[in-house]
Amino acid sequence: MSVRANLEEIKSTLQANMSSGDNPSLPNVIAVTKYVTIERAKEAYEAGVRHFGENRIEGFLAKKEALPDDVTMHFIGSLQSRKVKEVINDVDYLHALDRKSLAKEIDKRADHTINCFVQVNVSGEETKHGVTLDEVMPFIEMLQQYEHIRVVGLMTMAPYTDDQPYLKSIFEQLKHKRDEIQAHKLAHAPCTELSMGMSNDYAIAAEAGATFVRIGTRLVGKEE
Ligand SMILES: *Cc1c(COP(=O)(O)O)cnc(C)c1O
(Lines give C-alpha, C1' and ligand atoms only; values in the text may rest on other atoms or scores of the structure.)
Protein backbone atom coordinates (compact mmCIF):
# COMPACT_ATOMS: atom_id res chain seq x y z
CA MET A 1 0.00 0.00 0.00
CA SER A 2 1.19 3.51 -0.72
CA VAL A 3 1.74 5.81 2.24
CA ARG A 4 -0.80 8.17 0.69
CA ALA A 5 -3.52 5.50 0.72
CA ASN A 6 -2.68 4.49 4.29
CA LEU A 7 -2.74 8.11 5.40
CA GLU A 8 -6.18 8.66 3.86
CA GLU A 9 -7.50 5.63 5.67
CA ILE A 10 -5.99 6.70 8.98
CA LYS A 11 -7.35 10.22 8.62
CA SER A 12 -10.84 9.00 7.89
CA THR A 13 -10.69 6.64 10.85
CA LEU A 14 -9.55 9.53 13.05
CA GLN A 15 -12.33 11.72 11.69
CA ALA A 16 -14.93 9.04 12.41
CA ASN A 17 -13.70 8.64 15.95
CA MET A 18 -13.48 12.34 16.68
CA SER A 19 -17.13 12.93 16.05
CA SER A 20 -18.04 10.62 18.91
CA GLY A 21 -15.49 12.15 21.26
CA ASP A 22 -15.22 15.61 22.74
CA ASN A 23 -11.88 16.58 21.22
CA PRO A 24 -12.27 19.44 18.75
CA SER A 25 -9.40 18.88 16.30
CA LEU A 26 -7.75 15.87 14.66
CA PRO A 27 -4.57 14.64 16.32
CA ASN A 28 -1.25 15.22 14.56
CA VAL A 29 -0.08 12.05 12.86
CA ILE A 30 3.56 11.20 13.56
CA ALA A 31 4.94 8.77 10.99
CA VAL A 32 7.14 6.33 12.91
CA THR A 33 9.78 5.42 10.35
CA LYS A 34 12.01 3.25 12.54
CA TYR A 35 11.26 0.09 10.51
CA VAL A 36 11.62 1.62 7.06
CA THR A 37 14.07 3.17 4.62
CA ILE A 38 14.78 6.80 3.93
CA GLU A 39 12.98 6.36 0.59
CA ARG A 40 9.82 5.29 2.37
CA ALA A 41 10.11 8.23 4.77
CA LYS A 42 10.38 10.56 1.78
CA GLU A 43 7.26 8.98 0.32
CA ALA A 44 5.47 9.87 3.56
CA TYR A 45 6.69 13.44 3.19
CA GLU A 46 5.36 13.56 -0.38
CA ALA A 47 2.02 12.31 0.92
CA GLY A 48 1.89 15.32 3.23
CA VAL A 49 3.28 13.98 6.50
CA ARG A 50 5.35 16.57 8.40
CA HIS A 51 5.83 14.84 11.76
CA PHE A 52 8.37 12.01 11.92
CA GLY A 53 9.31 9.75 14.81
CA GLU A 54 12.35 7.55 15.42
CA ASN A 55 13.51 5.66 18.50
CA ARG A 56 17.22 5.21 17.79
CA ILE A 57 19.82 7.95 17.46
CA GLU A 58 21.33 6.70 14.22
CA GLY A 59 17.98 6.37 12.45
CA PHE A 60 16.81 9.67 13.84
CA LEU A 61 19.80 11.62 12.53
CA ALA A 62 19.73 9.85 9.16
CA LYS A 63 16.04 10.62 8.57
CA LYS A 64 16.41 14.19 9.75
CA GLU A 65 19.32 14.72 7.39
CA ALA A 66 17.45 13.24 4.42
CA LEU A 67 14.09 14.96 4.89
CA PRO A 68 13.32 18.59 3.98
CA ASP A 69 13.77 21.28 6.63
CA ASP A 70 10.09 21.83 7.34
CA VAL A 71 9.61 18.54 9.17
CA THR A 72 9.13 18.22 12.92
CA MET A 73 11.32 15.48 14.39
CA HIS A 74 10.13 13.43 17.36
CA PHE A 75 12.45 11.23 19.39
CA ILE A 76 10.07 8.58 20.70
CA GLY A 77 12.37 6.01 22.29
CA SER A 78 14.12 5.74 25.60
CA LEU A 79 17.36 7.66 25.55
CA GLN A 80 20.47 6.67 27.47
CA SER A 81 21.83 9.60 29.45
CA ARG A 82 25.34 9.21 28.06
CA LYS A 83 23.98 9.55 24.50
CA VAL A 84 21.91 12.68 25.08
CA LYS A 85 24.58 15.00 23.70
CA GLU A 86 24.61 13.18 20.35
CA VAL A 87 21.03 14.06 19.52
CA ILE A 88 19.27 16.42 21.89
CA ASN A 89 19.75 19.65 19.96
CA ASP A 90 18.26 18.04 16.83
CA VAL A 91 15.08 16.97 18.63
CA ASP A 92 11.88 18.99 18.27
CA TYR A 93 9.91 16.81 20.70
CA LEU A 94 11.26 14.21 23.10
CA HIS A 95 8.54 11.70 24.03
CA ALA A 96 10.25 9.65 26.69
CA LEU A 97 11.33 11.76 29.64
CA ASP A 98 10.99 9.40 32.60
CA ARG A 99 13.80 10.00 35.08
CA LYS A 100 15.70 12.72 36.85
CA SER A 101 19.13 11.65 35.57
CA LEU A 102 17.90 12.07 31.99
CA ALA A 103 16.41 15.49 32.74
CA LYS A 104 19.66 16.61 34.32
CA GLU A 105 21.70 15.51 31.32
CA ILE A 106 19.29 17.15 28.85
CA ASP A 107 19.49 20.39 30.80
CA LYS A 108 23.27 20.26 30.70
CA ARG A 109 23.57 19.50 26.97
CA ALA A 110 20.70 21.47 25.44
CA ASP A 111 21.43 24.85 23.86
CA HIS A 112 17.74 25.81 23.82
CA THR A 113 14.51 24.78 25.54
CA ILE A 114 13.54 21.20 24.67
CA ASN A 115 9.87 20.26 24.33
CA CYS A 116 9.40 17.08 26.35
CA PHE A 117 6.61 14.62 27.00
CA VAL A 118 6.79 12.84 30.32
CA GLN A 119 6.36 9.13 29.64
CA VAL A 120 3.81 7.48 31.89
CA ASN A 121 3.44 3.77 32.51
CA VAL A 122 -0.32 3.77 33.03
CA SER A 123 -0.82 0.01 32.98
CA GLY A 124 2.00 -0.76 35.40
CA GLU A 125 3.46 -3.40 33.07
CA GLU A 126 6.98 -4.12 34.24
CA THR A 127 8.38 -4.12 30.71
CA LYS A 128 7.31 -0.56 30.07
CA HIS A 129 9.30 2.58 30.73
CA GLY A 130 7.76 5.59 32.39
CA VAL A 131 6.73 6.98 35.73
CA THR A 132 3.53 5.76 37.38
CA LEU A 133 0.40 7.92 37.41
CA ASP A 134 1.02 8.77 41.06
CA GLU A 135 4.56 9.88 40.34
CA VAL A 136 3.69 12.24 37.47
CA MET A 137 2.89 15.35 39.51
CA PRO A 138 5.91 15.23 41.85
CA PHE A 139 8.15 14.36 38.89
CA ILE A 140 6.94 17.36 36.92
CA GLU A 141 7.31 19.67 39.93
CA MET A 142 10.88 18.44 40.32
CA LEU A 143 11.61 19.31 36.67
CA GLN A 144 11.08 22.99 37.35
CA GLN A 145 14.75 23.36 38.31
CA TYR A 146 15.85 22.59 34.74
CA GLU A 147 15.61 25.69 32.60
CA HIS A 148 15.99 23.84 29.28
CA ILE A 149 13.03 21.53 29.84
CA ARG A 150 9.44 22.38 28.93
CA VAL A 151 6.84 19.72 29.66
CA VAL A 152 4.45 19.98 26.73
CA GLY A 153 2.41 16.93 27.63
CA LEU A 154 2.18 13.28 28.66
CA MET A 155 2.97 10.19 26.60
CA THR A 156 2.10 6.55 27.05
CA MET A 157 2.44 3.20 25.29
CA ALA A 158 -0.56 1.00 25.97
CA PRO A 159 -0.18 -2.77 26.32
CA TYR A 160 -0.60 -4.72 23.09
CA THR A 161 -4.12 -6.11 23.36
CA ASP A 162 -7.46 -6.20 21.55
CA ASP A 163 -9.32 -5.39 24.75
CA GLN A 164 -10.84 -2.09 23.65
CA PRO A 165 -12.52 -1.06 26.94
CA TYR A 166 -9.22 -1.66 28.70
CA LEU A 167 -7.30 0.46 26.18
CA LYS A 168 -9.91 3.17 26.49
CA SER A 169 -9.46 3.23 30.26
CA ILE A 170 -5.68 3.53 29.89
CA PHE A 171 -5.98 6.53 27.56
CA GLU A 172 -8.67 8.19 29.65
CA GLN A 173 -6.53 7.89 32.77
CA LEU A 174 -3.69 9.64 30.98
CA LYS A 175 -6.03 12.39 29.79
CA HIS A 176 -7.30 12.98 33.32
CA LYS A 177 -3.75 13.26 34.58
CA ARG A 178 -2.93 15.69 31.76
CA ASP A 179 -5.97 17.82 32.70
CA GLU A 180 -4.91 17.81 36.35
CA ILE A 181 -1.39 19.01 35.56
CA GLN A 182 -2.58 21.58 33.06
CA ALA A 183 -4.88 23.05 35.72
CA HIS A 184 -1.83 23.86 37.85
CA LYS A 185 -0.65 26.31 35.16
CA LEU A 186 3.01 25.67 35.84
CA ALA A 187 5.24 27.95 33.77
CA HIS A 188 7.62 25.14 32.82
CA ALA A 189 4.82 22.62 32.22
CA PRO A 190 1.92 23.86 30.10
CA CYS A 191 1.08 20.18 29.55
CA THR A 192 -1.48 20.67 26.81
CA GLU A 193 -0.60 17.62 24.68
CA LEU A 194 -1.29 13.89 24.79
CA SER A 195 0.96 11.54 22.81
CA MET A 196 -0.89 8.23 22.68
CA GLY A 197 -2.07 5.70 20.14
CA MET A 198 -0.11 3.45 17.76
CA SER A 199 -1.11 1.24 14.81
CA ASN A 200 -3.13 -1.10 17.00
CA ASP A 201 -5.02 1.44 19.09
CA TYR A 202 -4.87 4.92 17.51
CA ALA A 203 -8.61 5.17 16.94
CA ILE A 204 -9.32 4.56 20.62
CA ALA A 205 -6.59 7.00 21.65
CA ALA A 206 -8.01 9.66 19.34
CA GLU A 207 -11.44 9.22 20.81
CA ALA A 208 -9.95 9.64 24.28
CA GLY A 209 -8.34 12.95 23.29
CA ALA A 210 -4.89 12.24 21.79
CA THR A 211 -3.24 15.28 20.22
CA PHE A 212 -0.40 13.22 18.71
CA VAL A 213 -0.72 9.63 17.47
CA ARG A 214 2.48 7.73 16.63
CA ILE A 215 1.90 5.36 13.74
CA GLY A 216 4.47 3.06 12.14
CA THR A 217 3.21 -0.22 10.70
CA ARG A 218 -0.21 0.99 9.54
CA LEU A 219 1.17 4.10 7.86
CA VAL A 220 4.58 3.37 6.38
CA GLY A 221 4.69 -0.41 6.93
CA LYS A 222 7.35 -2.59 8.41
CA GLU A 223 10.32 -4.05 6.59
CA GLU A 224 11.52 -7.29 8.12
C1 LIG B 1 7.48 1.72 17.27
C2 LIG B 1 6.76 2.72 18.07
C3 LIG B 1 5.53 3.23 17.62
C4 LIG B 1 4.83 2.78 16.35
O5 LIG B 1 4.46 1.43 16.42
P6 LIG B 1 3.46 0.77 15.36
O7 LIG B 1 2.77 -0.29 16.15
O8 LIG B 1 4.31 0.23 14.26
O9 LIG B 1 2.52 1.82 14.90
C10 LIG B 1 4.91 4.21 18.41
N11 LIG B 1 5.48 4.65 19.55
C12 LIG B 1 6.65 4.17 20.01
C13 LIG B 1 7.20 4.70 21.28
C14 LIG B 1 7.31 3.18 19.29
O15 LIG B 1 8.48 2.71 19.76
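Note: the structure precedes this text.
All figures in this text were calculated on a predicted structure; none of them were measured in a lab.

Within the protein one finds 9 helices and 8 strands. Taking 224 residues into account, the globule formula puts the C-alpha radius of gyration at 17 Å, and the protein, at 17 Å, falls close to it. Across the 224 residues that make up the protein, the buried fraction comes to 52%. A separation of at least 24 residues holds for 54% of the contacts in the protein among residues at least 6 apart in sequence. Entry remark: accessible area of the protein is about 10600 Å², with carbon and sulfur atoms responsible for 45%. Charge-centre separation for the protein: the mean point of 27 positive side chains lies 3 Å from the mean point of 34 negative side chains.

Before going further, it helps to examine the nonpolar core. Among the nonpolar cores identified, the biggest contains 67 residues, and Phe52, Leu97, Ile106, Val118, Leu154, Phe171 and Leu219 are the most heavily contacted of them. Sequence-distant contacts of Leu97, that is, excluding residues within four places in its chain, are made with Leu102, Ala103, Ile106, Cys116, Phe117, Val118, Gln119, Phe139, Leu143 and Ile149. Counting residues in hydrophobic clusters, the runner-up holds 6 residues, among them Ile30, Tyr93, Val152 and Phe212.

Another point: the site of the ligand. If you check the shell around the ligand, you find Val32, Lys34, Tyr35, Ile76, Met155, Met157, Met198, Ser199, Arg214, Ile215, Gly216 and Thr217 and nothing else. Residue Lys34 places a side-chain N or O atom 2.7 Å away from an oxygen atom belonging to the ligand. Here an oxygen atom of the ligand sits 2.5 Å away from a polar atom, N or O, in the side chain of Thr217. Protein chains bury 91% of the 390 Å² of accessible surface belonging to the ligand in isolation. By residue class, the composition of the shell around the ligand is 7 nonpolar, 3 polar and 2 charged.

This part is about the packing of helix α2 (residues 38-46) against helix α3 (residues 57-66). The packing of two helices is summarised by the inter-axis angle and the distance between the axes. Here α2 crosses α3 at 50°, and the two axes come no closer than 10 Å. The pairing of α2 with α3 is recorded here as oblique in orientation. By crossing handedness, the relation of α2 to α3 is classed as right-handed. Between α2 and α3, the contacting residues are Ile38, Ala41 and Lys42 on the first element and Ala62, Lys63 and Ala66 on the second. Among the residues making up the contact of α2 with α3, the classes are represented as 4 nonpolar, no polar and 2 charged.

Right, let's talk about the pairing of strand β8 (residues 212-215) for a bit. Taking every second residue as pointing to the same face, both faces of β8 are buried, with Phe212 and Arg214 on one and Val213 and Ile215 on the other. Where strand β1 (residues 28-32) and β8 come together, 4 bridges link them in parallel fashion. Counterpart to Ile30 in the pairing with β8 is Arg214.

Moving on: unusual backbone geometry. A positive phi is found at Lys185, a non-glycine position, where the angle reads about 50°. You can see Lys185 is positioned in the loop between α7 (164-183) and β7 (193-195). Accessibility expressed as a relative area gives 73% for Lys185, which makes it exposed. For Cys191, which is not glycine, the phi torsion reads 50° and is therefore positive. Relative to the assigned elements, Cys191 resides in the loop between α7 and β7.

Bringing the environment of Val220 into the picture now. By the element assignment, Val220 lies in helix α9 (residues 217-220). For Val220, a relative accessible area of 3% corresponds to the buried category. Considered as a pair, Val220 and Lys34 are 186 residues apart in the sequence and their alpha carbons are 9.6 Å apart.

This part takes up the pattern of salt bridges. This model, assessed by the stated rule, comprises 11 salt bridges. The salt bridge partner of Glu125 is Lys128, with a shortest N-O separation of 2.9 Å. Note that Lys177 and Glu180 form a salt bridge whose closest N and O atoms lie 3.3 Å from each other. In this pair, Lys177 and Glu180 are both assigned in helix α7, 3 residues apart and thus about one turn of the helix distant. On the basis of relative accessible area, Lys177 is assigned to the buried category, the value being 11%. By relative accessible area, which is 37% here, Glu180 ends up partly exposed.

Cut-offs used in this document
- Residues numbered from 1 in each chain as written.
- Predicted model: local features only at pLDDT ≥ 70, side-chain atom pairs only at ≥ 80, totals over all residues.
- Heavy atoms only, no water.
- Helix = DSSP H or I, 4+ residues; strand = E, 2+ residues; numbered from the N terminus.
- Rg over C-alpha atoms; globule rule 2.2 N^0.38 Å.
- Buried < 20%, exposed > 50% of the residue type's maximum accessible area, 1.4 Å probe, protein only.
- Contact = heavy atoms within 4.5 Å.
- Areas by Shrake-Rupley, 256 points an atom, 1.4 Å probe, with all protein chains shown as cover.
- Lys, Arg positive; Asp, Glu negative; His and termini not counted.
- Charge placed at Lys NZ, Arg CZ, Asp CG, Glu CD.
- Core = buried A, V, L, I, M, F, W, Y, C linked by side-chain atoms within 4.5 Å.
- Near = heavy atom within 4 Å.
- Polar contact = N/O pair within 3.5 Å; in protein donor to acceptor, adjacent residues only side chain to side chain.
- Nonpolar A, V, L, I, M, F, W, Y, C, P; charged D, E, K, R; others polar.
- Axes fitted to C-alpha atoms, helices over the stretch in contact; angles between N-to-C directions.
- Parallel < 35°, antiparallel > 145°, perpendicular 65-115°, else oblique.
- Left-handed = near helix turned anticlockwise from the far one by under 90°.
- Pairing = 2+ DSSP bridges.
- Salt bridge = Lys/Arg side-chain N within 4 Å of Asp/Glu carboxyl O.

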